Amino acid sequence: MTQSLTLRRPDDWHLHLRDGAMLEGVLPETTRHFARAIVMPNLVPPVVTAAEAQAYRDRILKALPAGARFEPLMVLYLTETTDPADVRAAAASGLVTAVKLYPAGATTNSASGVRDFDRVRGVLETMAEIGLPLCVHGEVTDPAVDIFDREAVFLDRVLDPIRRATPGLRVVLEHVTTREGLDYVRGGGPDMAGTLTTHHLIINRNHILAGGIRPHYYCLPVAKRETHRLALRAAATGGEACFFLGTDSAPHVDAAKESGCGCAGCFTATNTLPILAHVFEEEGALDRLEGFVSLHGPAFYRLPPNEERITLRKGEALALPARIETGAGPVTVFDPGFPLLWHVEP
Ligand code: NCD
Ligand code: ZN
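Residues numbered from 1 in each chain as written. Chains lettered and ligands numbered in written order. Predicted model: local features only at pLDDT ≥ 70, side-chain atom pairs only at ≥ 80, totals over all residues. Heavy atoms only, no water.

An unreviewed UniProt entry lists the protein under the name Dihydroorotase, with Cereibacter johrii as the source organism. The Sequence similarities (unreviewed entry) field of the UniProt record for the protein holds the comment "Belongs to the metallo-dependent hydrolases superfamily. DHOase family. Class II DHOase subfamily." (UniProt positions renumbered as here; feature names shortened; annotations may be inferred.)

Written as structure tokens, this is what we have:
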């Protein structure tokens, strides 16, 4: 039985770091284990221009814990007024690793997102030309579409038309939560990838709603039924190169989660690796964990994998804090519902 596992240092290909006191509070939770992260631009106001991405990157670097070696990979928030020339320059200088598409109103802080996809055609064509990936929040916002169907409908109604209209566009379908999304990624060829979160491998919609409402399990896209969760686990642990980890760790203070209208987001930065080791061990796939967390992502993004190594060791149940304290307030850490036996060695 494997009791210890050494991997290349992992990366997180979808992360919310926020700003100010929250940034300072949550950043060490990621830098402890991860070398790089795709940093989501949904601040208020959003990170739209290269200049804004540069300033945000500087704030992240300034907030790094002493001695941390961590590279934030910056992302521009696509709006209907995004300038293709600004995107081209930001990519050429190496400042920006991707552009993020939020359908307007799809999720937290997405009001500036895209309503009319014709208006971003020029940017998408530039991105296809230079090979800059588009990270996609794949949910329609049509109020007539049931929230559990919004991902599947998005594939037909929005994503497929965009990809047909923009040959060569490299796309990451983020936080895939359905079998339909998995199959779409699998069928998309070398320019298509999908990220999978930690929490969607653990919870289905019953965890949110059965026996009392559990706001800390509420995130977007919302967790689906069990058949989808099982398909996500098979995709994560199956060794397919088109799938890799994007935690979507999305901190909100407890008061904002435990409210009459609670925010969406699960905070998993703290315990993602122990949880994933548990899942991969359960699936008899510990030998595939490195691909999922450390190799498939860099390969898609055309970046070298990290040279540094981390070691996971199995032992006594890990006593992790149920919440972390930040200058913005307490943030509850995602509870996987089972004891964590895998530790990342310090
Ligand atoms: C994210 C957030 O809080 O910024 N929330 C979430 O539930 N995932 C936004 C997002 O990625 O959809
Ligand atoms: Zn997110």
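Still to come is the rest of the account.
1. Comments concerning the sheet that holds strand E10 (residues 309-314)
The sheet built from 3 strands is open, its strands ordered E1-E10-E13 with antiparallel pairing. In the strand order of this sheet, the two ends are held by strand E1 (4-8) and strand E13 (342-344), each with one partner. Averaged over all pairs of adjacent strands, the angle between their axes in this sheet comes to 25°, without regard to strand direction. One ladder, built from 3 bridges, connects E10 with E13; its direction is antiparallel. Within the sheet, the bridge partner assigned to Arg313 lies in E13 and is His343. In the packing of helix H10 (residues 272-282) onto the sheet, the strands contacted are E10 and E13, and the crossing angle to E13 comes to about 140°. The strands that helix H11 (residues 289-301) touches are E1 and E10; relative to E1, the one it contacts most, it runs at about 20°. (Pairing = 2+ DSSP bridges. Helix = DSSP H or I, 4+ residues; strand = E, 2+ residues; numbered from the N terminus. Axes fitted to C-alpha atoms, helices over the stretch in contact; angles between N-to-C directions. Contact = heavy atoms within 4.5 Å.)

2. Details of the packing of helix H6 (residues 179-186) against helix H8 (residues 226-237)
Viewed as axis vectors pointing N to C, H6 and H8 meet at an angle of 30°, and their least axial separation amounts to 9 Å. The orientation of H6 relative to H8 falls into the category roughly parallel. Contacts between H6 and H8 involve Arg179, Glu180, Leu182 and Arg186 from the first element and Thr227, His228, Ala231, Leu232 and Ala235 from the second. Along the lines of polarity and charge, the residues of the contact of H6 with H8 split into 4 nonpolar, 2 polar and 3 charged. (Parallel < 35°, antiparallel > 145°, perpendicular 65-115°, else oblique. Nonpolar A, V, L, I, M, F, W, Y, C, P; charged D, E, K, R; others polar.)

3. Concerning the packing of helix H1 (residues 20-31) against helix H2 (residues 50-63)
In the contact formed by H1 and H2, the axes pass within 9 Å of each other and the chain directions differ by 60°. Comparing their axes, H2 and H1 come out oblique. The chirality of how H1 crosses H2 is right-handed. The segment H1 lies against H2, with Leu23, Glu24 and Leu27 engaging Arg59, Ile60 and Ala63. (Left-handed = near helix turned anticlockwise from the far one by under 90°.)

4. Describing the site of ligand 1
Surveying the vicinity of ligand 1 reveals 14 residues, the closest of which are Asn42, Thr107, Leu220, Asp248 and His252. Arg18 is positioned such that a nitrogen or oxygen atom in its side chain is 2.8 Å from an oxygen atom of ligand 1. If ligand 1 stood free it would expose 310 Å²; the protein chains cover 100% of that surface. Along the lines of polarity and charge, the residues of the shell around ligand 1 split into 4 nonpolar, 8 polar and 2 charged. (Near = heavy atom within 4 Å. Polar contact = N/O pair within 3.5 Å; in protein donor to acceptor, adjacent residues only side chain to side chain. Areas by Shrake-Rupley, 256 points an atom, 1.4 Å probe, with all protein chains shown as cover.)

5. Things to note about the sheet that holds strand E5 (residues 96-101)
Adjacent strands of a sheet form backbone hydrogen bonds with each other and so pair up, either parallel or antiparallel. Spatial strand order, E2-E3-E4-E5-E6-E7-E8-E9: 8 strands in an open sheet with parallel pairing. Here the strands that pair on one side only, and so sit at the sheet edges, are strand E2 (11-15) and strand E9 (243-245). Pairwise comparison of adjacent strand axes, ignoring direction, gives a mean angle of 30° for this sheet. In the sheet, strand E6 (residues 134-136) pairs with strand E7 (residues 171-173) via 3 bridges, with the strands oriented parallel. Across the sheet, residue Val136 finds its bridge partner in E7, namely Leu173.

6. What to know about the coordination of the zinc ion (ligand 2)
His14 (NE2), His16 (NE2) and Asp248 (OD) make up the full set of protein donors to the zinc ion (ligand 2), lying at 2.0 Å. Classification of the site at the zinc ion (ligand 2) as irregular follows from its 4 donor atoms and the range of 89 to 143° in their angles at the metal. Of the residues examined, His14 reaches a relative accessible area of 1% and is grouped as buried. (Donors = N, O, S within 2.8 Å, 3.2 Å for Na, K, Ca; no water. Tetrahedral: all angles 85-135°; square planar, octahedral: opposite > 155°, others 65-115°. Buried < 20%, exposed > 50% of the residue type's maximum accessible area, 1.4 Å probe, protein only.)

7. Some thoughts on the pairing of strand E8 (residues 192-196)
The buried fraction of E8 is high, at 5 of 5 residues. Taking every second residue as pointing to the same face, both faces of E8 are buried, with Met192, Gly194 and Leu196 on one and Ala193 and Thr195 on the other. Examined bridge by bridge, E7 and E8 share 3 bridges and lie parallel to one another. Bridging from a neighbouring strand, Val171 pairs with Met192 of E8. The parallel pair E7 and E8 is bridged by H6, and the resulting crossover is right-handed. (Right-handed = clockwise from strand over helix to strand, strands pointing away.)

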